[in-house]
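# Reading the structure
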Amino acid sequence: MIVLTSKTRHSSRVLPTCLTRRTALSSESPTTSLFGKKVFGRRRNSDKAPPSTVSSRHFYQNEALMGYANRPIRPVSLQQFAFYGRKLTDEKIIHSANFVRQELPTRMAHRIHDMQRLPYSIIRNPHMSHVYELYYHSFNSLRKFPKIRSLDDNDKLCNLVKDLLLRHTEVVPRVVMGVIESAELMDSNRLDRFIYSLLSSRISRRVLTEQHLTMTNSLKEGNVTNTGENVGQVFLQLHAADVVRQCADLAGRLVSDVHRGCATPEIIFEGDSDTKFAFIESHFKYMLGEILRNAFEAAASKTERTGEPLKPLLVTVCNTPHQLIFRFSDRAGGIPSDVVQDLWSFAKGPRSLLRHEKLEQLPFFDAVAGERESINKRMSSLSSLTSRPSDLFLGMGLPMSKVYAEFWGGKIVVKSMEGFGCDVFLHISKLGIESAFVENTSI
Ligand SMILES: Nc1ncnc2c1ncn2[C@@H]1O[C@H](COP(=O)(O)OP(=O)(O)O)[C@@H](O)[C@H]1O
Ligand SMILES: [Mg+2]
């Protein structure tokens, strides 16, 4: 359990005068925690985080930032990605590099501006100020990067963005811990909206960057005409049932590790399960992996508890003109009502404290499985999925999957019948346009 100590009171440290001035205006009075003790917006464990060094520069020299934050984001669709990468030339790579060079700092500036609009007491949280500085630093390095005129310039940009991708793998645990620690300082729905748009934007930047890195690599290797099954990260012909089977194998192994060799439910397909569609494979596998793992985990627990045999998992695929709908129907007992109410939240609920404790032991969090490995070694997302700790339950599988689904214009709906089972609907939009949510966030 997280214990609060008086140390928390001294963690504000010596701040620049401009910030202490601002503090006086903000609501920095202690609030009562769940444990009835006084908190100043952070808990003892946060003291492990690096000291806050947010400086006046961030608040008073914002002109450059606002110049970018006022620019609209230019959303990209899966089709555009696929089309652009079909035939590569030096000019196309240079053009793409300049798009990345402009778009990344713009997208970062939007999120930095969001952070600046949070109550100051929240941004002073050590995790949040760490993330803030990381963003600000990345924003500055990108905005100062000169125009790309040659492939050599592009190589330099690729090195920078790879480095930034790696540094940002610590953003998710930090920001989730930061909002949990700030739960008493701001409405938790607002905090959830903040984290949601931060994650959504993070996906968007990562997709742009990865696509550019992959195209650069292809050109270097002489693969200029792409007629294969994927263009960069976009798989053009994902076979619905095949991907479900692959993810089920892996989810089954993870659950079997936790439940000492317990078998996993048989999968029965119905509907348009032979449908092929275009999507970013790692994103689709992430969502499927989480949904299947939940269903298998619930089934194994139920069997252990009751001794009843496993019931099959029914996977229905429905191919409509504008979307592909997957329904996963299990009979593993459904979701307990106390869990259902905060199922989609990062910030609230009794389970958030447990999440905080676990995240503290997790310096990095791969938003897509194997994120760090894939940046370094460009491994396939599936092989690196196996590196996930099998007993790690953060209560973030569904909220993260929702971010991915909605990012590409789809959605996830969970219908739980307590005591009986769950129906999870995953809607995939065939348009695959980056969600406008990234831009139109109202925190
Ligand atoms: N199909 C399901 N059957 C029963 N419970 C489920 C199912 N899917 C999700 N849950 C419940 O919802 C919780 C949250 O799921 P998730 O967001 O994936 O986080 P985690 O699995 O890490 O706890 C699970 O811990 C479990 O209690
Ligand atoms: Mg889960």
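### Brief notes about the overall build of the chain
- Broken down by element type, the chain carries 17 helices and 10 strands.
- With 443 residues in all, the chain has 43% of them scored as buried.
- Restricting to contacts in the chain with at least 6 residues of sequence separation, those with at least 24 account for 82%.

### A few points about helix α10 (residues 188-220)
- For α10, built from 33 residues, the straight-helix expectation of 48 Å at 1.5 Å per residue is met to within 8% by its first-to-last C-alpha distance of 47 Å.
- At the exit of α10 stands Gly 222, carrying a positive phi of roughly 80°.

### Description of the sheet that holds strand β3 (residues 230-231)
- One open sheet holds the three strands; their spatial order is β3-β4-β6, and the pairing between them is antiparallel. Strands at the two margins of the open sheet, each flanked by one partner only, are β3 and β6 (276-280).
- Helix α12 (residues 281-306) contacts β4 (234-239) and β6 of the sheet and is inclined by roughly 95° relative to β6.

### A short note on the site of ligand 1
- Residues in close proximity to ligand 1 total 17 residues, the closest being Asn 294, Ala 298, Phe 393, Gly 397 and Leu 398.
- The leading source of residues in the shell around ligand 1 is α12, at four residues.
- Among the residues forming the shell around ligand 1, the class breakdown is 11 nonpolar, four polar and two charged.

### Examining the pairing of strand β8 (residues 323-330)
- Residue alternation in β8 divides its side chains into a buried set, Leu 324, Phe 326, Phe 328 and Asp 330, and an unburied set, Gln 323, Ile 325, Arg 327 and Ser 329.
- One ladder, built from six bridges, connects strand β7 (residues 313-319) with β8; its direction is antiparallel. When the sheet's bridge partners are listed, Leu 314 is paired in β8 with Ser 329.
- As paired strands, β8 and strand β10 (residues 421-429) are joined by eight bridges and run antiparallel to one another. For Asp 330, the partnering residue across the bridge sits in β10 and is Cys 422.

### Some details on α12
- Taking 1.5 Å as the rise per residue, α12 with 26 residues should run 38 Å; its terminal C-alpha atoms sit 37 Å apart, in good agreement.
- Gly 307 lies just past α12 and shows a positive phi near 80°.

### Description of the environment of Lys 87
- Position of Lys 87 relative to the elements: it lies in the loop between α4 (78-84) and α5 (90-116).
- Along the sequence, Lys 87 and Leu 219 sit 132 residues apart, while their C-alpha atoms lie 9.5 Å from each other.

### Let's talk about the sheet that holds β10
- Taken in spatial order, the five strands line up as β5-β7-β8-β10-β9 in an open sheet, and their pairing is mixed. Sheet topology places β5 (267-271) and β9 (411-417) at the edges, where each strand pairs with a single neighbour. Direction aside, neighbouring strands of the sheet carry axes that sit 15° apart on average.
- As paired elements, β5 and β7 share five bridges and run parallel to each other. Looking at the pairing, Gly 271 lines up with Val 317 of β7.
- Docked against the sheet, helix α17 (residues 397-407) engages β9 and β10, running at close to 140° with respect to β9.

### With respect to the confidence of the model for the chain
- Per-residue pLDDT for the chain averages 79, and the proportion of residues at 70 or more is 76%.
- Between residues 1-53, whose pLDDT stays under 50, and residues either more than four places distant or in other chains, the model counts 77 contacts.
- Scored below 50 in pLDDT, residues 375-387 shows 26 contacts in the model against residues more than four places distant or in partner chains.

### A look at the packing of helix α8 (residues 151-167) against α10
- For the pair α8 and α10, the least separation of the axes is 11 Å and the interaxial angle reads 140°. When the axis of α8 is compared with that of α10, the two are oblique. Seen from above, α8 lies across α10 with left-handed handedness. In this structure, α8 uses Asn 154, Cys 158, Val 161, Lys 162 and Leu 165 to contact α10, whose residues at the interface are Arg 206, Thr 209, Leu 213 and Thr 216.

### Remarks on the pairing of β4
- One ladder, built from two bridges, connects β3 with β4; its direction is antiparallel. Following the sheet pairing, Val 231 is matched in β4 by Val 234.
- Hairpin connection from β3 to β4: two residues lie between these consecutive antiparallel strands, with Gly 232 at a positive phi of about 60°.
- Direction of pairing for β4 relative to β6: antiparallel, over a ladder of four bridges. If you follow Phe 235 over to β6, its bridge partner there is Phe 279.

### Quick word on the nonpolar core
- The biggest cluster of nonpolar side chains holds 98 residues, and the ones touching the most others in it are Val 176, Val 179, Ile 195 and Ala 295.
- The element best represented in this core is α12, accounting for 11 residues.
- Looking at this core, you find at least three residues from each of domain 1 (6-220) and domain 2 (233-346 + 396-438).
- If sequence neighbours within four positions are ignored, Ala 295 has contacts with Leu 313, Phe 328, Asp 330, Ala 332 and Cys 422.

Thresholds, definitions, all that
- Residues numbered from 1 in each chain as written.
- Chains lettered and ligands numbered in written order.
- Predicted model: local features only at pLDDT ≥ 70, side-chain atom pairs only at ≥ 80, totals over all residues.
- Helix = DSSP H or I, 4+ residues; strand = E, 2+ residues; numbered from the N terminus.
- Buried ≥ 20, exposed ≤ 12 C-beta atoms within 10 Å, placed from the backbone.
- Contact = placed C-beta atoms within 7 Å.
- Expected span 1.5 Å × (residues − 1).
- Pairing = 2+ DSSP bridges.
- Axes fitted to C-alpha atoms, helices over the stretch in contact; angles between N-to-C directions.
- Near = placed C-beta within 6 Å.
- Nonpolar A, V, L, I, M, F, W, Y, C, P; charged D, E, K, R; others polar.
- pLDDT = per-residue confidence, 0-100.
- Parallel < 35°, antiparallel > 145°, perpendicular 65-115°, else oblique.
- Left-handed = near helix turned anticlockwise from the far one by under 90°.
- Core = buried A, V, L, I, M, F, W, Y, C linked by C-beta atoms within 7 Å.
- Domains from an automatic or database assignment.

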